[in-house]
Amino acid sequence: MKITKAFFLCYLVLFFSCRQKKEDTSSKVPQSQKSVTHAKGFQIEKSGDITILKLLSPWLNSKTVYTYALIPKEKLSTITLDKDAFDAIITIPVERIVVTSTTHIPALELLSVENKLVGFPNTNFISSKKTRKRIDSGLVKELGSNETINTEMVIELNPNVIIGFGLNNQNKAYETISMSNIPVVYNGDWTEETPLGKAEWIKFFGAFFQLDKKADSLFNATKTSYNKAKLLAHKAKREPTVMTGGLFKDIWYVAGGNSWLAQFLRDAHTNYLWKHTEETGSIPLSFESVFDRGQSAEFWLSPSLHGSYEEMLETNRHYKEFSAFKNKKIYSHANTRGETGGLLYFELAPSRPDVVLKDLIHIFHPELLPNYKPFFIKPLH
């Protein structure tokens, strides 16, 4: 399998997880009912009929805070706002939406508003059967790539809002779309460092459809399921040793000790070999460094995007020197794909961390979930 540099960088971001900043004037609107408890990247606040949505982390290391006002359609004529106080004002409930990351798709489906989706860049990456059916029926238009999104088609689709994904604020296409009076709202779910923090972004989407209560209920169900699995994992009698990652060219990337993946491994009651590192993303290391620490690890998780032992050896024959390779204890999400080749893990796992954790418990402590069938993470072929 060939891995492009761009796709691999996206893998590192997801798996291990502009305009000048204006004065923060949203405080001029009385605020209450703060409801976000685990996510660090956004806040939702109510002021009468107005929903104030603050995006605190649109991308890594961002120092810009974006503030959006969401106004019910029936109240639009009775509410006057200072437009300079907000990056966009959106009428809700949204009837037509464009999203730009596969992680946005499960939120729409969980909220039962997938029929509001009218466009998406790189539709081949979408794995959900429900949304793929809409794509195949021509109900969701292909918009090119996120970096060079087809602005003419977006303007023709005339969505009420486009939910943007970006590594920075340099997307010229978004500027063009905004100038056409289509609000662009950034989404930074991928910057979250904890499983429940990512999952809570369903509340972000719920706000656009006036489905706050449903979003709260869905998140609470996921949180309950996750915490129940976490308690089960800690009934295990031992913590198996685990290593992660693999080589890309000459660099081995392992998950940092404060990363999304490391949190899963901690909650799955394992001894992750890089758990004491402080990085929240991936750590670039030499082969020798990883070999010294990980040669005897009992388990090996996500060796890049390899799906088989044969494929790993074709990349580097020294992989066979690791105990986890010799004992066939390597597991990956790379073999769980949609019909067009998209990785289901990248799409759905952020919304369902409870399923990821159960997969890991079944791998590391099979006695605790003896009849469980893994969903995302499976043995290499």
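### Some remarks on the pairing of strand S4 (residues 88-92)
Next up, step 1: Because side chains alternate across S4, one face comprises the buried residues Ala88, Ile90 and Ile92, and the other comprises Ile89 and Thr91, none of which is buried.
Next up, step 2: Where strand S3 (residues 66-72) and S4 come together, five bridges link them in parallel fashion. If you follow alanine 69 over to S4, its bridge partner there is isoleucine 89.

### Things to note about unusual backbone geometry
Next up, step 1: A cis geometry characterises the amide bond from isoleucine 92 onward to proline 93, with omega recorded as 5°.
Next up, step 2: Tracing the backbone through its elements, the reader meets proline 93 in the loop between S4 and strand S5 (97-99).
Next up, step 3: One non-glycine residue, serine 112, lies in positive phi territory at about 60°.
Next up, step 4: Summarising the element assignment, serine 112 is placed in the loop between helix H2 (104-110) and strand S6 (117-120).
Next up, step 5: Phi at asparagine 158 takes a positive value of approximately 55°, unusual for a residue other than glycine.
Next up, step 6: In this structure, asparagine 158 sits in the loop between helix H4 (151-157) and strand S8 (161-164).

### So, the sheet that holds strand S13 (residues 271-272)
Across a sheet, strands are paired by hydrogen bonds formed along the backbone, either parallel or antiparallel in direction.
Next up, step 1: Read across the open sheet, the five strands follow the order S13-S10-S15-S16-S17; overall the sheet is mixed. Each having just a single partner strand, S13 and strand S17 (378-379) make up the two edges of the open sheet.
Next up, step 2: Direction of pairing for strand S10 (residues 241-244) relative to S13: parallel, over a ladder of two bridges. For threonine 241, the partnering residue across the bridge sits in S13 and is asparagine 271.

The rules behind each value
- Residues numbered from 1 in each chain as written.
- Predicted model: local features only at pLDDT ≥ 70, side-chain atom pairs only at ≥ 80, totals over all residues.
- Heavy atoms only, no water.
- Buried < 20%, exposed > 50% of the residue type's maximum accessible area, 1.4 Å probe, protein only.
- Helix = DSSP H or I, 4+ residues; strand = E, 2+ residues; numbered from the N terminus.
- Pairing = 2+ DSSP bridges.

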